[in-house]
Amino acid sequence: MSHFISFCKGSSSAVVLGELICEKLKASTVEAVCNKTVIDLAGVMRSNFPAFNGNRLNLEKHVLKSLAENENFDDYITYIRKPRKQTEAFIKAEVKKYIFTDHKDEIVNKLKNNAEGLNTLVINALSTATQKVQTERGDINMWLKKFSSLLKGELTFETISSQNFSDIHDFEFLKEEITKRFTSINHKMSSLSLDKLKESRLKPDEILIDQLCKCCWVMCPFCAAVCTNTIEDHSPDDHSVPFHRPKGIKGWHKRGTEEFSISFCTTSVASHGKFRPHDSEESFPYKEYRRAGPRYANWKITADQSKLAYWKWFVYRFQNQLEEYYEYKFQGRGEIPSEWEKIPKEEAIRSLDEMC
Ligand SMILES: [Zn+2]
Ligand SMILES: [Zn+2]
């Protein structure tokens, strides 16, 4: 009789412990499935997605391409004034489109596979822990220790004190109990919706922003082109960029007039002209631009004739908005060359391929 009572007591303890374990597994499994999926996803995009799988210039090229496709002047201004902000917005938008539109089914499958993977892990851990305790004639304490050590790294599983469960001796029963419950939880998990990913603590766009935006963001003082160095603080090396732009893009104009300056800074630095920084009383020869202050001193701007058709197209396409925004005019010495207006958008976008 006492044997029977002890059996009943032991099995009801196993039911309670099983419930407790499944409760803990449930929360951490959802999190683990989402985290795993998010990390996979960021990795896949980093190696396969055209905008993210190349170097710095490649990303820049795709940002510029999307700006041209959308033809939104406000976005251009954000890009010109705060290139990092616009680049981050681009990454966010592309990741969102990738997950929720273009690769939706694939990602639902990924969630499902990851849920199944964790299911297998838990079921195997149950078997291994049970086997160990049976062959080594161990107790519930040994069982719990083994079980949690097998999940470590994959699932965060707080320790459960074995104190109240010392009357559990039928480990086979405990295993069945947990398997039954956990499988039904996991079954629901395999239909985890994409919405769960939105709630995930890890965000694929943040992972990618971290990886792709840790670099130098210093802008050319003349044309706002962004330094392409991949190291955040690369002093004493100079800032540099392979392609500069017409200076009017950043609001440069001819002193004392309302005429935009539309020459590329790579042309200006070879000229005999002078310029006056907006916060300076003094003018400096373009050829000695480095003397004009700290913002100029660390830039390497080489005189050359490289002029991306992209920027000519941009200035022509948005001339009215640029005039309104900066309150200068494309007239007189700032008149837009007639060849710029003949550049179709497709050609402008194609010219970005020269960047890398
Ligand atoms: Zn420049
Ligand atoms: Zn730099």
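Rules used throughout
Residues numbered from 1 in each chain as written. Chains lettered and ligands numbered in written order. Predicted model: local features only at pLDDT ≥ 70, side-chain atom pairs only at ≥ 80, totals over all residues. Heavy atoms only, no water. Donors = N, O, S within 2.8 Å, 3.2 Å for Na, K, Ca; no water. Tetrahedral: all angles 85-135°; square planar, octahedral: opposite > 155°, others 65-115°. Helix = DSSP H or I, 4+ residues; strand = E, 2+ residues; numbered from the N terminus. Buried < 20%, exposed > 50% of the residue type's maximum accessible area, 1.4 Å probe, protein only. Contact = heavy atoms within 4.5 Å. Core = buried A, V, L, I, M, F, W, Y, C linked by side-chain atoms within 4.5 Å. Domains from an automatic or database assignment.

- Looking up the chain in an unreviewed UniProt entry gives the name Interferon-induced very large GTPase 1, with the organism given as Oreochromis aureus.

### Some words on the coordination of the zinc ion (ligand 1)
Step number 1: For the zinc ion (ligand 1), the full set of protein donor atoms is Cys220 (SG), Cys223 (SG), His244 (ND1) and Cys265 (SG), and the range of their distances to it is 2.0 to 2.3 Å.
Step number 2: Geometry at the zinc ion (ligand 1) is tetrahedral, judged from its 4 donor atoms and the angles of 98 to 123° they form at the metal.
Step number 3: Going along the chain, you hit the donors of the zinc ion (ligand 1) in the pattern C-x2-C-x20-H-x20-C. Of this pair, Cys223 sits in the loop between helix H9 (204–212) and helix H10 (265–268) while Cys265 is found in helix H10, placing the two residues 42 residues apart along the sequence.
Step number 4: Note on Cys223: relative accessible area 0%, which makes it buried.
Step number 5: Looking at Cys265, the relative accessible area reads 0%, which means it is buried.

### Observations regarding the side chain of His234
Step number 1: Locating His234 in the fold gives a position in the loop between H9 and H10.
Step number 2: Residues contacting His234, with those up to four places away along its chain left out, are Cys216, Cys227, Asn229 and His239.

### Observations concerning the coordination of the zinc ion (ligand 2)
Step number 1: Within the protein, Cys216 (SG), Cys227 (SG), His234 (NE2) and His239 (ND1) serve as the donor atoms for the zinc ion (ligand 2), at 2.0 to 2.3 Å.
Step number 2: Every donor counted, the 4 donor atoms about the zinc ion (ligand 2) form angles of 97 to 119° at the centre, which fits tetrahedral coordination.
Step number 3: On the primary sequence, the residues serving as donors to the zinc ion (ligand 2) are separated as C-x10-C-x6-H-x4-H. Of this pair, Cys216 sits in the loop between H9 and H10 while His239 sits in the loop between H9 and H10, placing them 23 residues apart in sequence. Per residue, the accessibility class of Cys216 equals that of His239, and both read buried.

### Re the nonpolar core
Step number 1: Counting residues in hydrophobic clusters, the biggest one holds 90 residues, and the most contacted among them are Ile21, Phe52, Ile91, Trp143, Phe147, Tyr310 and Phe314.
Step number 2: Here this core takes 12 residues from helix H1 (residues 2–48), the largest share from any one element.
Step number 3: Each of domain 1 (2–209) and domain 2 (247–355) gives at least three residues to this core.
Step number 4: Those residues in contact with Tyr310 that lie beyond four places of it in its chain are Leu64, Leu67, Ala68, Tyr76, Ala348, Ser351 and Leu352.
Step number 5: Within the second largest apolar cluster, 18 residues are counted, among which are Cys216, Ala225, Tyr286 and Ile301.

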